[in-house]
Amino acid sequence: MTQVDQLAAGLSATLAELRVERDLLGGILGAMKEGVLVLDPDGRIAMVNPALREMLLLPGADEVVGRPPLDVIRHAELQALLGRARREPASEELDLPSGLKPRRLLVHAARLHGEPGGLVVVFVDVTEIRRLESLRRDFVANVSHELRTPVTAVRSAAETLRGGAAADPEARERFLDIVDRNAERLHRLVEDLLDLSRIESRELRLAPEPLDLAQVAAGALALFRERADKRRIRLRAAVPADTPPARADRRALEQVLTNLVDNALKYCPEGAEVTVGAAVTPSAVELSVADSGPGIEAKHLPRLFERFYRVDAGRSRDLGGTGLGLSIVKHLVEAMGGAVRVASSPGQGSTFTLSLPRA
Ligand SMILES: Nc1ncnc2c1ncn2[C@@H]1O[C@H](COP(=O)(O)OP(=O)(O)OP(=O)(O)O)[C@@H](O)[C@H]1O
Ligand SMILES: [Mg+2]
C-alpha cells in the first residue's frame, strides 16, 4: 500500500466515524422533548432542534440558521438571558409567544464547551405543570372558602345557644335548626369532594353494561315527582321505548341524571317544564335533560362544568348548592367513555346532553 493509499484509507475511516457521530448527535437532538438552540461565537443561530421549532412554531431550519436569535424569537427577556449566559450559566422561566397562547418555558443557557463564544440553550415546557399547580391552589382555596361558611354558622349558633338562647324554646329550635342545616351542608360538601376524588383517582370501579335508557330515565324522574309537583313544574319522560341500549354504569348514570334534574328543578321557576329525551347517532345514544327555565348567559357556558363554578354563587348557596354537581357529571360521563355538553341562552331554557357509547 502506497502512502497515498494509506492516507486515503485513514481519511475515509475518520469520515465514517464523523458521520456516525453526526448521526448520533442528530438522533439525540431529534428525539429530545426539550428544545435546544445553539448559537455560534458571533451570536447567530447555529442549530435548532425539532422540539424547539414545534414549541415556538419556528420556520424550517434553513430559514433560521445564521440569523440572530432575536430575529426569530422576539423576546427582550430571552435576549437578556442570553447576554448573561456569556459570563455564567443562567436560567429563568419565561412566557414565550407560541401560536394563540403563550407557553411557559424554563430556559437554561450556558457556554458551549470547546467552542469559545458559543452558547447552548435548552428550553423545557412547563406550561402544563404550572397550570396544574395553579388549579390545585385554586381548588384548595375554594374548598377552604366553602367549608368556612357552614363551620362559622355552626360555631356561632352553638355560642348563641350557650349564651342563653337554649333557655328559650323557640330560639333553641331556631338555632338547632341552623346547626342541622349547616352540618348537612358540610356533609354533602365532603361527600361530593370524596366522589370527585374517587372518580379522578379511578378508584371508583365502573361496571358498564347495556342499559335501557327509558327505564333509567323513568327511575330517576320518579325520585323527583313530589318535589316537582310542589313547585308545579312538569316533569316529562320522553325517551322512546325503542331507543337502543347504551353502555353505561347504572349507578353512575343515575347519579348524572339526578344531578341534572336536580339543577333543572332548582333553577326553574314555577310552571316550567323539564323533559328527559333521547336521540340516536351512528355511534352514540344521547340522553338530554331540557328545561324551560331562565337559561344561562353564553359567557358562563365554557366554565360551567368546572368545580365550584356557579353563575350566581349567592343564589346557588341559598339553594344548598356547592357548585360541584356539574363537575361530577362531567367526570362520571367521561369515565364511561361519553361526553356531556350544554346548550343554553337567557330566556330560552337549558339543555344538557349526554352522549353515551352504544351497547
Ligand atoms: N338547568 C339550569 N338552568 C340554569 N342554570 C343552571 C342550570 N344547571 C346549572 N345551572 C348553573 O350552573 C351552576 C353550576 O351547577 P352545579 O350543578 O355544578 O352546581 P350547583 O347546582 O350550584 O351546586 P350542587 O350541584 O353542587 O348542589 C349553578 O350554580 C347554576 O348557576
Ligand atoms: Mg347542581
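Described in the following lines is the structure provided in the data block. Computed from a prediction, not measured in an experiment: that's the story for all the values here.

Reading guide: rules and limits
Residues numbered from 1 in each chain as written. Chains lettered and ligands numbered in written order. Predicted model: local features only at pLDDT ≥ 70, side-chain atom pairs only at ≥ 80, totals over all residues. Heavy atoms only, no water. Core = buried A, V, L, I, M, F, W, Y, C linked by side-chain atoms within 4.5 Å. Buried < 20%, exposed > 50% of the residue type's maximum accessible area, 1.4 Å probe, protein only. Helix = DSSP H or I, 4+ residues; strand = E, 2+ residues; numbered from the N terminus. Contact = heavy atoms within 4.5 Å. Salt bridge = Lys/Arg side-chain N within 4 Å of Asp/Glu carboxyl O. Pairing = 2+ DSSP bridges. Axes fitted to C-alpha atoms, helices over the stretch in contact; angles between N-to-C directions. Parallel < 35°, antiparallel > 145°, perpendicular 65-115°, else oblique. Left-handed = near helix turned anticlockwise from the far one by under 90°. Nonpolar A, V, L, I, M, F, W, Y, C, P; charged D, E, K, R; others polar. Near = heavy atom within 4 Å. Polar contact = N/O pair within 3.5 Å; in protein donor to acceptor, adjacent residues only side chain to side chain. Areas by Shrake-Rupley, 256 points an atom, 1.4 Å probe, with all protein chains shown as cover.

Right, let's talk about the nonpolar core for a bit. Ranked by internal contacts, the top residues of the largest apolar core, which has 51 residues, are L253, L304 and L354. It is helix α10 (residues 250–267) that contributes the most residues to this core, eight residues altogether. Ignoring sequence-local partners within four residues, the contact set of L304 consists of I296, Y309, V311, L326, V342 and F352. One finds L37, L52, A90 and V107 within the second-largest nonpolar core, a separate group that totals 24 residues.

Moving on to the pattern of salt bridges. A full pass over the atoms with the stated rule returns 22 salt bridges. Of the charged contacts in the structure, one is a salt bridge between E133 and R130, with a shortest N-O distance of 3.4 Å. With a gap of three residues between them, E133 and R130 both fall in helix α6 (residues 127–162), about one helical turn apart. For R130, a relative accessible area of 28% puts it in the partly exposed group. The shortest N-O distance in the salt bridge between R236 and E273 comes to 3.5 Å.

Let's shift gears to the pairing of strand β3 (residues 90–96). On a regular strand, each side chain points to the face opposite its neighbour's, so the side chains alternate between the two faces of the sheet. Direction of pairing for β3 relative to strand β4 (residues 103–111): antiparallel, over a ladder of seven bridges. Its bridge partner being in β4, S91 is matched across the sheet by H108. Following β3, the chain reverses through six residues before pairing antiparallel with β4; G99 in that reversal takes a positive phi of roughly 65°.

Take the side chain of N49 next. Mapped onto the elements, N49 comes out in the loop between β2 (45–48) and α2 (50–55). By relative accessible area, which is 1% here, N49 ends up buried. In contact with N49, not counting residues within four places along its chain, are L29, M32, E34, G35 and V36.

A few words on the packing of helix α8 (residues 213–222) against α10. Between α8 and α10, the least distance of the axes is 10 Å, while the angle of their chain directions is 50°. Classified by the angle between their axes, α8 and α10 sit oblique to one another. For the crossing formed where α8 meets α10, the hand is right-handed. Residues L213, V216, A217, A220 and L221 of α8 form the contact with α10, whose own contacting residues are R250, L253, E254, L257 and V261. Tallied by class, residues from the contact of α8 with α10 come to eight nonpolar, no polar and two charged.

This paragraph deals with the site of ligand 1. Around ligand 1 sit 19 residues, and of these N263, D291, S316, T322 and L326 come closest. Between an oxygen atom of ligand 1 and a main-chain N or O atom of L326, the distance comes to 2.8 Å. Summarising the interface, the protein chains cover 95% of the accessible area of ligand 1, which totals 600 Å² for the free molecule. Those elements giving two or more residues to the shell around ligand 1 turn out to be α10, α12 (325–335) and β12 (350–357).

Geometry only, nothing functional implied.
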